[in-house]
Amino acid sequence: MSKNPNYTGGERFNKLSKKDGYRSRAAYKLKQINKSHNLIKQNQNILDIGCAPGSWIQVVKELTKGKASITGIDILSMAKIEGITFLQKDLLEVNDDDLNDHFDLVLSDIAPNISGISITDSENMIELLNIEIYLINKYLVKGGSFLAKCFQGSSFDHLKEFMKENFKEVVRIKPEASRTSSKECYLLGKFKK
Ligand SMILES: C[S@@+](CC[C@H](N)C(=O)[O-])C[C@H]1O[C@@H](n2cnc3c(N)ncnc32)[C@H](O)[C@@H]1O
């Protein structure tokens, strides 16, 4: 690693993602989480919420050798990835007609646009989390896992409370590829009750 003190972990992973052909450095967050928790397996049905530009989908395809069924949702368009189902839609407007399957694993890296006003950002994150919670209750199979981004503070507390009630194991994760200066972290719920 560079000795330049301004060369943060984030920049290191930006460079690495270009070299390795990932669409964003977020790829390394999922790779690091999966290395410790072994979530992603062949033949799973997987939902990726907030999937654009698609590096988590690249990682899932790589780890499963293409043998997983993947559905991605994002409000933004995404360059095509062969063999996946992509729904371009605001998560807040997703309804029961959009999804008609059950999932073994739900991944979410979604985050609202950050305004810098802490209370507004927390409220917006919680609004997204409430839709995720609805989808988990409805579409995640018993025994399935849910990995979701949140931010230290009220969105973390909100998600943790839901996870504690609904999963047998709950783990907080701060992957190395996530900037230390960021409040971002992930909660993993394993074995849905
Ligand atoms: C950090 S990026 C996800 C990166 C992705 N995991 C990857 O590896 O490429 C967060 C994504 O959430 C999406 N997003 C934010 N608000 C959304 C909303 N209301 N509905 C759907 N997607 C949303 C953004 O468009 C963005 O693509």
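> What is the right way to read the pairing of strand β1 (residues 45-49) from this model?
For a regular strand, side chains alternate in direction, first toward one face of the sheet and then toward the other. Of all five residues making up β1, four are buried, and the element is well covered by its neighbours. The sheet contact formed by β1 and strand β2 (residues 69-74) spans five bridges and is parallel. Bridge pairing in β2 links Ile-49 to Ile-73. Relative to strand β4 (residues 103-108), β1 is paired through four bridges, and the arrangement is parallel. Following the sheet pairing, Asp-48 is matched in β4 by Leu-107.

> Can you walk me through the sheet that holds β4 in this structure?
Each strand in a sheet pairs with its neighbour through backbone hydrogen bonds, running either in the same direction (parallel) or in the opposite one (antiparallel). The seven strands lie next to each other as β3-β2-β1-β4-β5-β7-β6, forming an open sheet whose pairing is mixed. With one partner strand each, in any of the chains shown, β3 (85-88) and β6 (167-173) form the two edges of the open sheet. For this sheet, the mean angle separating the axes of adjacent strands, direction not counted, is 15 degrees. The strands touched by helix α5 (residues 154-166) within the sheet are β5 (140-151), β6 and β7 (184-192), with β7 carrying the most contacts at an inclination of about 10 degrees.

Procedures and definitions
- Residues numbered from 1 in each chain as written.
- Predicted model: local features only at pLDDT ≥ 70, side-chain atom pairs only at ≥ 80, totals over all residues.
- Buried ≥ 20, exposed ≤ 12 C-beta atoms within 10 Å, placed from the backbone.
- Helix = DSSP H or I, 4+ residues; strand = E, 2+ residues; numbered from the N terminus.
- Pairing = 2+ DSSP bridges.
- Axes fitted to C-alpha atoms, helices over the stretch in contact; angles between N-to-C directions.
- Contact = placed C-beta atoms within 7 Å.

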